[in-house]
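Coordinate analysis (summary)
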Amino acid sequence: MTEHSVSNYTADDLPAVAEQLLSLFPQERFFAFFGSMGVGKTTLIKELCRQLGVEQNVSSPTFAIVNEYSDSEGEPIYHFDFYRLKKIEEAYDIGYEEYFYSGYYCFTEWTEKIESILPDHYLRIDITEAAGLRTLTAKVINE
C-alpha cells in the first residue's frame, strides 16, 4: 500500500487512526506531517507514540526543535517541530542527518520548512480540518 485516507475523524478516533497508520505502513520510519496550526499533528503524534509504547510525556518540541522518547523496546523515537526555524541551516546545526537516517521513528511537524532536506523515502501525512472533522491522507514518497 502506498496511499491511505481517513475522512471525517475526530479526536475520539485517533487511536484507530494511529493503529491504521502503523499497521498499513509497518516498514516506514519517517513520518512527515503537513497541516495548518491546530489541525492535530501533535495530538496524532502523541497517539502514535503511545501505541509504540512510549511512557514519557510526549509534547511538541517547539523550542527544543527535537524531543527524544523511548519505545517499548527502548529504541529511540525522534519528534521534531520545525515551526520556529528561521533558516534551513538551523536543521544542519542540530545534526538532522543523524536523526533522519538513523532507521528509528522520526515524526516531523512543520515539515514544509525543511522539505529540501527530507530523505528520498518517507511517509507524507497531510491533515486538513473543516467543521471539527479532520481528513488525513498518508502517502509513501519515493523520490
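Refer to the structure above for everything that follows.
What this report covers is the structure whose coordinates are included nearby.

Cut-offs applied
Residues numbered from 1 in each chain as written. Predicted model: local features only at pLDDT ≥ 70, side-chain atom pairs only at ≥ 80, totals over all residues. Heavy atoms only, no water. Salt bridge = Lys/Arg side-chain N within 4 Å of Asp/Glu carboxyl O. Buried < 20%, exposed > 50% of the residue type's maximum accessible area, 1.4 Å probe, protein only. Helix = DSSP H or I, 4+ residues; strand = E, 2+ residues; numbered from the N terminus. Contact = heavy atoms within 4.5 Å. Polar contact = N/O pair within 3.5 Å; in protein donor to acceptor, adjacent residues only side chain to side chain. Pairing = 2+ DSSP bridges.

Bringing the pattern of salt bridges into the picture now. By the definition in use, this model includes three salt bridges. For Glu115, the salt bridge goes to Arg124, with nearest N and O atoms at 3.7 Å. The salt bridge involving Arg124 is made with Asp126; its shortest N-O contact spans 2.8 Å. According to the relative accessible area criterion, Arg124 is partly exposed, its value standing at 23%. Sharing partners across several salt bridges, the network here consists of Glu115, Arg124 and Asp126.

Phi angles above zero are rare outside glycine, and Asn8 is one such case at about 55 degrees. Assignment of secondary structure puts Asn8 in strand 1 (residues 3-9). A positive phi angle, near 55 degrees, is found at Ala131, a position not held by glycine. Judged by its relative accessible area of 83%, Ala131 is exposed.

By the element assignment, Ala91 lies in helix 3 (residues 89-93). Its relative accessible area of 0% is what places Ala91 among the buried residues. Distance from Ala91 to Lys113, taken between C-alpha atoms, is 9.7 Å for residues 22 residues apart in sequence. What Ala91 contacts, discounting residues up to four positions off in sequence, is Phe82, Leu85, Tyr96, Ile114 and Ile117.

Within the secondary structure, Thr42 sits in helix 2 (residues 41-51). Here the side chain of Thr42 touches Glu109 through a polar contact of 2.7 Å, side chain to side chain. Leaving out residues up to four positions away in the same chain, Thr42 has contacts with Ser60, His79 and Glu109.

Moving residue by residue along a regular strand, the side chains alternate between the two faces of the sheet. Strand 5 (residues 105-109) sits mainly inside the fold: five of its five residues count as buried. Burial along strand 5 is two-sided: Tyr105, Phe107 and Glu109 facing one way and Cys106 and Thr108 facing the other are all buried. Both strand 2 (residues 30-34) and strand 5 contribute to a ladder of three bridges, which runs parallel. Paired with Ala32 across the bridge in strand 5 is Thr108.

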